Amino acid sequence: SAVISQKPSRDICQRGTSLTIQCQVDSQVTMMFWYRQQPGQSLTLIATANQGSEATYESGFVIDKFPISRPNLTFSTLTVSNMSPEDSSIYLCSGLDWGENTEAFFGQGTRLTVV
Amino acid sequence: LAKTTQPISMDSYEGQEVNITCSHNNIATNDYITWYQQFPSQGPRFIIQGYKTKVTNEVASLFIPADRKSSTLSLPRVSLSDTAVYYCLVAPEDGGSQGNLIFGKGTKLSVKP
């Protein structure tokens with residue numbers, strides 16, 4: 001199974017600034033996703049990170065606010081731009097590949113607090 | 001994409017068998033059913049996946065009736081460490097090729113001593 005590392009694990013940021021979260025997978029994965037999770041709530045899919053092309057965003061999320069890069073099959077970044085306190089959340093990176101099972105692997109998450 | 005419905009919460013005691021049922025009435029022919037477990041402050045973790053009938057691994061069993069409109073995750077002899085949120089997902093075999101591995105609300109399982 002793949003191991004996903006996210007950096008930073010947590011951060012406190014000033015409103016109006018931007019934060020870039022890095023996601024590194026220890027093996028190549030076909031699909032990578034970014035999620036947001038409020039405490040006590042389920043995961044909300046932000047976008048699918050596509051290698052070599054623009055990310056595919058879910059309804060309610062836009063590229064200007066959450067630019068995503070995926071330069072190769074093991075790495076992706078999510079930037080939270082022009083942050084406001086409403087962006088305070090846990091951001092999770094996920095990689096998915098299929099073998100015996102179609103299994104998604106998740107990082108530990110980045111806990112973001114915007115003040 | 002098939003929507004899933006699960007109980008919001010369940011309580012159990014150590015040593016009991018716990019069954020969590022998920023409804024997915026609009027499941028498509030090429031959809032698989034996957035369950036994930038999430039502990040506080042951690043990302044979700046894959047538990048089990050199935051297409052039909054019964055699947056068993058070292059952690060759990062997954063029961064899927066012939067019509068596939070529901071599935072039941074069975075955790076044998078739970079312990080306190082099984083306290084977590086359990087998510088049922090329905091998606092095509094190629095995972096999120098349409099870019100939408102969607103999580104429902106999940107079931108919060110509380111295991112008491």
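Now for a description of the structure that goes with this document. This structure is a prediction, so every number in the text was calculated from the model and none was measured.

So, on to the sheet that holds strand 1 (residues 9–13) of chain B. All names here are of chain B. If you walk across this open sheet you meet the five strands as 1-9-8-3-4, and the pairing is mixed. Every other strand in the sheet has two partners, leaving strand 1 and strand 4 (45–50) as the edge strands with one partner each. The mean inter-strand angle of the sheet, taken between neighbouring strand axes irrespective of direction, is 25°. Where strand 1 lies against strand 9 (residues 107–112), five bridges are found, and the strand directions are parallel. Bridge assignment links S9 to a residue of strand 9, and that residue is K108.

This part takes up the interface of chain B and chain A. Taken together, the contact between chain B and chain A spans 22 residues of the former and 21 residues of the latter. Overall, the association of chain B and chain A removes approximately 1600 Å² of surface from exposure, summing both partners, and the carbon and sulfur fraction of that is 53%. Counting every contact that joins chain B to chain A gives zero salt bridges. On inspection of chain B and its partner chain A, the count reaches three residue pairs in polar contact (both at pLDDT 80 or more). If you list the elements that add at least two residues to the side of chain B that touches chain A, you get strand 3 (31–38) and strand 4 of chain B. For the side of chain B that touches chain A, the element with the most residues is strand 3 of chain B, which contributes three residues.

Topologically, K105 of chain B is positioned in the loop between strand 8 (84–92) and strand 9. K105 of chain B sits in the exposed class, given a relative accessible area of 68%. The spatial distance from the C-alpha of K105 of chain B to the C-alpha of Y86 of chain B is 9.0 Å, given a sequence separation of 19 residues. Here K105 of chain B is in contact with S42 of chain A together with I8 and Y87 of chain B, once residues within four sequence places are set aside.

The next thing to look at is the packing of aromatic side chains. To describe a pair of aromatic rings, one takes the distance between the centres and the angle between the planes. Inspection of every chain in the model, using the stated rule, returns ten aromatic pairs over all chains. Between F106 of chain A and F103 of chain B the ring centres are 5.7 Å apart and the planes differ by 75°, which places this aromatic pair in the edge-to-face class. Placement of F106 of chain A in strand 10 (residues 102–106) and of F103 of chain B in the loop between strand 8 and strand 9 is noted, with the two residues assigned to different chains. Across the pair, exposure class does not vary: F106 of chain A and F103 of chain B are buried alike. Joined through ring pairs, the aromatic side chains of F33, Y35 and F106 of chain A together with Y36, F46, Y87 and F103 of chain B make up one cluster. The ring centre of Y51 of chain B lies 3.9 Å from the NZ or CZ of R68 of chain B, which sits over that ring.

What follows deals with the pattern of salt bridges. Residues and elements named next belong to chain A. Scanning the model with the defined rule gives two salt bridges over all chains in all. Of the charged contacts in the structure, one is a salt bridge between K65 and D87, with a shortest N-O distance of 2.6 Å. Of the two residues, K65 sits in the loop between strand 6 (56–57) and strand 7 (68–72) while D87 sits in the loop between strand 8 (75–80) and strand 9 (89–98), which places them 22 residues apart along the sequence. A residue is classified by how much of its surface remains accessible, and D87, at 5% relative accessible area, is buried.

Our focus in this paragraph is the environment of N57 of chain B. All names here are of chain B. Relative to the helices and strands, N57 resides in the loop between strand 5 (53–56) and strand 6 (61–64). As a C-alpha pair, N57 and I47 span ten residues in sequence and 8.6 Å in three-dimensional space. When neighbours within four sequence positions are excluded, N57 is seen to be in contact with I47 and I48. Polar side-chain contacts of N57 include one of 2.9 Å to the backbone nitrogen of V59.

Counting residues in each nonpolar core, the largest one holds 26 residues, and the members touching the most others are W34, I46, F66, I68, L78, Y91 and L112 of chain A. Put simply, the parts of the chain that give this core at least two residues each are strand 3 (19–25), strand 4 (31–37), strand 5 (43–49), strand 8, strand 9 and strand 11 (110–114) of chain A. Looking at this core, the element that brings in the most residues is strand 3 of chain A, giving four residues. Membership of the second largest hydrophobic core comes to 20 residues, among which are W35, A60, L73 and C88 of chain B.

Parameters at a glance
- Residues numbered from 1 in each chain as written.
- Chains lettered and ligands numbered in written order.
- Predicted model: local features only at pLDDT ≥ 70, side-chain atom pairs only at ≥ 80, totals over all residues.
- Heavy atoms only, no water.
- Pairing = 2+ DSSP bridges.
- Helix = DSSP H or I, 4+ residues; strand = E, 2+ residues; numbered from the N terminus.
- Axes fitted to C-alpha atoms, helices over the stretch in contact; angles between N-to-C directions.
- Contact = heavy atoms within 4.5 Å.
- Buried area = accessible area lost by both parts, 1.4 Å probe.
- Salt bridge = Lys/Arg side-chain N within 4 Å of Asp/Glu carboxyl O.
- Polar contact = N/O pair within 3.5 Å; in protein donor to acceptor, adjacent residues only side chain to side chain.
- Buried < 20%, exposed > 50% of the residue type's maximum accessible area, 1.4 Å probe, protein only.
- Phe/Tyr/Trp six-rings, centres within 6.5 Å; stacked < 30°, edge-to-face > 60°.
- Lys NZ or Arg CZ within 6 Å of the ring centre and 35° of its normal.
- Core = buried A, V, L, I, M, F, W, Y, C linked by side-chain atoms within 4.5 Å.

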